[in-house]
Amino acid sequence: MLSTIFQKIIKPFTSTPSTQRWHKLSFIDQSLTHFYIPLVFFYPQNQVSAMPNGPKQLSKLLSNSLSKTLTCYYPWAGSLKDNDTIECDDSGAEFLEVQINSPMDKVAYHPDSNVKDLTFPKGVPWANSVDRALTVAQLSHFDCGGIALSVCMSHKVGDASSVHCFLRDWAALTRSSNTIRPSPYFVEDSILLSPIGPLVYPVHGSNMDKCVQKRFHFSSTKISALKSSIAVQNATSNEAVSALLYKCAAFSATATNSGSFKRSQLIQFSDLRAMISPRLSPNSIGNLLTMFSSPIYDNEEDLKLPELVTHIRTSKNNLSTRNNVEENEYVIEMLDAYRTGKELFHKRKCDMYVSSNLCKFPLLQDLDFGFGKPIGASIAKGPFNKVMFLMRTYDGGIEALVNLDEQEMSVFEHDEQLLQFATLTAH
């Protein structure tokens, strides 16, 4: 079904100065394994064929602009020297071009996420410490003439906001060589310095054992209906959708546990860039995150949507009352895991659900490489069970990419309350 056309290394267009040779990793960077954030974007045949030279020039065009982008984002073209340092040695990024013998829509919307994940470099998405470049991109051609462009970028260098900056600037440089040179600011360890010196090994990685991903589409109309049914004043789309997904997932876990409720909690991440003083530029690159969480729920009766939304909001608002560098809950948890040698969040003694909101990143709007905006975007299966990603769709709705184990997913995807507001994405 898939054949490789070629694979090559793309080096930065200009050599990285010796003064920028060493990129020091922050405490969060060091705590994460070298796993990749994997995103893919789909472009239909009519957009691709409208290019002056058609799809034949695509790989050359993308390779050249990737080289220029890596000049500015040089740590992603380097190599991991040890757990606390990247050597910016211009090792380069991997770029693959492949042919997938199928129409684009049969892959992009296939109910089996493993088929959609053919658009990613094999074995790279969310993989822990594989011996690959820190950036791996793949251009996939479909039988119909459409294409997919995927990127896997090492989480060691930066978070989703950082990846968005890279992709936005790569797209801009592909559209026009006269684009103003990108100016990312690499935070390194200047803010979240390790309190105990360099970490010998990371503590937070991926685990996709028995992980299944399904996608659920919430139209803007259904999101409005969901908010109305919750009846919490000014509930946001993220609050409403995250609360519903978490409740239905927790109920699915109960159903597969002989009807016995499993203690659980919802975790969400928040961007530090606008929360610390002085504020950081949106172009700041690094893992600049903290987290907030719901209470731990001990009973099924506690999982009512209005209360869930209220708890999510209260927990997020509490971030404004603390110093999110010195009292960073995510840092505290990973420091404890490192010191004790136990699993992350082990003290909480409950199931942990994570909702990651990518809706604030205008991925569909910003990723025009000169052949129009993508008609869809997705993220590979993973990085572990009980993780939910929210992504904006063109109709103003949200697509939720839900990762659960097989048994729980078989219950979750038939949840009546969920299906009142969401549609399983599949052809």
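Described below are features of the structure shown in this document. Remember, it's a predicted structure, so these values are computed and weren't measured experimentally. (Residues numbered from 1 in each chain as written. Predicted model: local features only at pLDDT ≥ 70, side-chain atom pairs only at ≥ 80, totals over all residues. Heavy atoms only, no water.)

## A few points about the packing of aromatic side chains
Where we set the bar: When the centres of two rings from Phe, Tyr and Trp lie within 6.5 Å, Trp using its six-membered ring, the rings pair. Their planes under 30 degrees apart give stacked, over 60 give edge-to-face, and anything left gives tilted. A run of DSSP states H or I qualifies as a helix once it reaches four residues; a run of E qualifies as a strand once it reaches two. Both are numbered from the N-terminal end. Note on classification: 1.4 Å probe, protein chains only; a residue is buried when its accessible area is under 20% of the maximum for its type, exposed when over 50%, partly exposed between these limits. We call a charge positioned over a ring when the NZ of a Lys or the CZ of an Arg lies within 6 Å of the ring centre and within 35 degrees of the ring normal.
Taken as a whole, this structure holds 17 aromatic pairs when the rule is applied. On the basis of an interplanar angle of 55° and a centroid distance of 5.1 Å, the ring pair of Tyr 74 and Phe 186 is categorised as tilted. Separated by 112 residues along the polypeptide, Tyr 74 in the loop between helix H3 (58-72) and strand S4 (79-82) and Phe 186 in strand S9 (residues 185-186) bring together distant segments of the chain. Between Trp 170 and Phe 369 the ring centres are 5.3 Å apart and the planes differ by 85°, which places this aromatic pair in the edge-to-face class. Of the two residues, Trp 170 is situated in helix H6 (residues 160-175) and Phe 369 in the loop between helix H11 (363-366) and strand S15 (376-379); the sequence distance between them amounts to 199 residues. Across the pair, Phe 369 and Trp 170 agree in class, each one buried. Linked through ring pairs, Tyr 43, Tyr 73, Tyr 74, Trp 76, Phe 166, Trp 170, Phe 186, Phe 369 and Phe 371 together constitute an aromatic cluster. When the ring centre of Phe 13 is taken as reference, the NZ or CZ atom of Lys 68 above it lies at 5.8 Å.

## Quick notes on unusual backbone geometry
Pro 278 follows Ser 277 through a cis peptide bond whose omega is -5°. Within the fold, Pro 278 resides in the loop between strand S11 (264-271) and strand S12 (284-285). Of note, the bond from Gly 382 into Pro 383 is cis; its omega dihedral lies within 30 degrees of zero at 0°. By secondary structure assignment, the location of Pro 383 is in the loop between S15 and strand S16 (387-392). A positive phi angle is found at Asp 90, which is not glycine, with a value near 60°.

## Focus on the sheet that holds S4
Backbone-to-backbone hydrogen bonds pair the strands of a sheet. The strands run either parallel or antiparallel. Our working definition: At least two DSSP bridges between two strands are required for those strands to pair. The axes are straight lines fitted to the C-alpha atoms, using for helices just the contacting stretch, and the angles between their N-to-C directions are given from 0 to 180°.
With antiparallel pairing, the three strands of this open sheet are ordered in space as S2-S5-S4. Whereas interior strands pair on both sides, the edge strands pair on one side only; in this sheet they are strand S2 (22-24) and S4. Each strand axis lies, on average, 35° off the axis of its neighbour in the sheet, ignoring direction. The pairing of S2 with strand S5 (residues 85-87) spans three bridges and is classified as antiparallel. For Trp 22, the partnering residue across the bridge sits in S5 and is Glu 87.

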